[in-house]
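# Residue-level structural notes
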Amino acid sequence: MREHSDALVLFGATGDLAKRSLYPALHRLENKGFLAADWRDSETGREAKYYSLTKQGAKQLEVEDENWQRLSAAVKLVMKVAR
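The rules behind these values
- The residue count restarts for each chain, going from 1 along the sequence in the order it is written.
- Reporting in this predicted model follows two pLDDT cut-offs: at least 70 for local features of residues, and 80 or more for side-chain atom pairs to be given and counted; totals over whole chains, interfaces and linings ignore these cut-offs and use all residues.
- Only hydrogens and water are removed before side-chain values are computed, so all heavy atoms of the structure are retained for them.
- For this analysis, a ring pair means two rings from Phe, Tyr or Trp (six-membered ring only for Trp) whose centres lie within 6.5 Å, classed as stacked if their planes differ by under 30 degrees, edge-to-face if by over 60, and tilted for the remaining angles.
- Geometrically, a lysine NZ or arginine CZ counts as sitting over a ring once it is within 6 Å of the ring centre and also within 35 degrees of the ring normal.
- The term salt bridge refers to a pairing of a side-chain nitrogen on Lys or Arg with a carboxyl oxygen on Asp or Glu at a separation within 4 Å.
- Only protein chains enter the accessibility calculation, which uses a 1.4 Å probe; a residue whose area is less than 20% of its type maximum is buried, one above 50% is exposed, and one in between is partly exposed.
- Two strands pair under a simple rule: DSSP has to find at least two bridges between them.
- Put simply, DSSP H or I for four residues or longer makes a helix, DSSP E for two residues or longer makes a strand, and each gets a number counted from the N terminus.
- A residue's pLDDT is the confidence the predictor assigns to it, expressed on a 0 to 100 scale.

Glancing now at the packing of aromatic side chains. Under the definition given, this model contains zero aromatic pairs. When the ring centre of Y50 is taken as reference, the NZ or CZ atom of R40 above it lies at 4.2 Å.

This is the structure in structure tokens:
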């Protein structure tokens, strides 16, 4: 995986995990409008699909981060009480 300015590029993700999990997840995010994707020539000369976060995706990322922070704080509290 390489970062190129504001885009994410995946190299060598051809295995079963990529086909069954990674690419379907990227396609779902693209279909929801959270990611934009386009094909470009990579630094190696191979054509690669570049993914970038859209404005809508950035907003959703903020929502998900806030949710994660609340959940994480709750788990920390439970763990602290359990000790």
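We now examine the pattern of salt bridges. Scanning the model with the defined rule gives two salt bridges in all. The residue D38 makes a salt bridge to R40 at a minimum N-O spacing of 2.9 Å. When its relative accessible area of 33% is taken as the criterion, D38 is described as partly exposed. Exposure remark for R40: the relative accessible area of 28% places this residue in the partly exposed category.

Note that strand β3 (residues 35–41) and strand β4 (residues 47–53) share seven bridges and pair antiparallel. Within β4, the residue paired with W39 across the bridge is K49. Between β3 and β4, which pair antiparallel in sequence order, lie five residues; one of them, G45, sits at a positive phi of approximately 90°.

The subject of this paragraph is the confidence of the model for the protein chain. Residue-level pLDDT values for the protein chain average 86, and 80% of them are 70 or greater. When the elements of the protein chain are averaged for pLDDT, strand β1 (residues 2–4) gives the smallest value, 48, and helix α2 (residues 55–82) the largest, 96.

Relative to the elements of secondary structure, Y50 occurs in strand β4. With relative accessibility at 4%, the residue Y50 sits in the buried group. Taking the C-alpha atoms as reference points, Y50 and W39, separated by eleven residues in sequence, lie 6.1 Å from one another.

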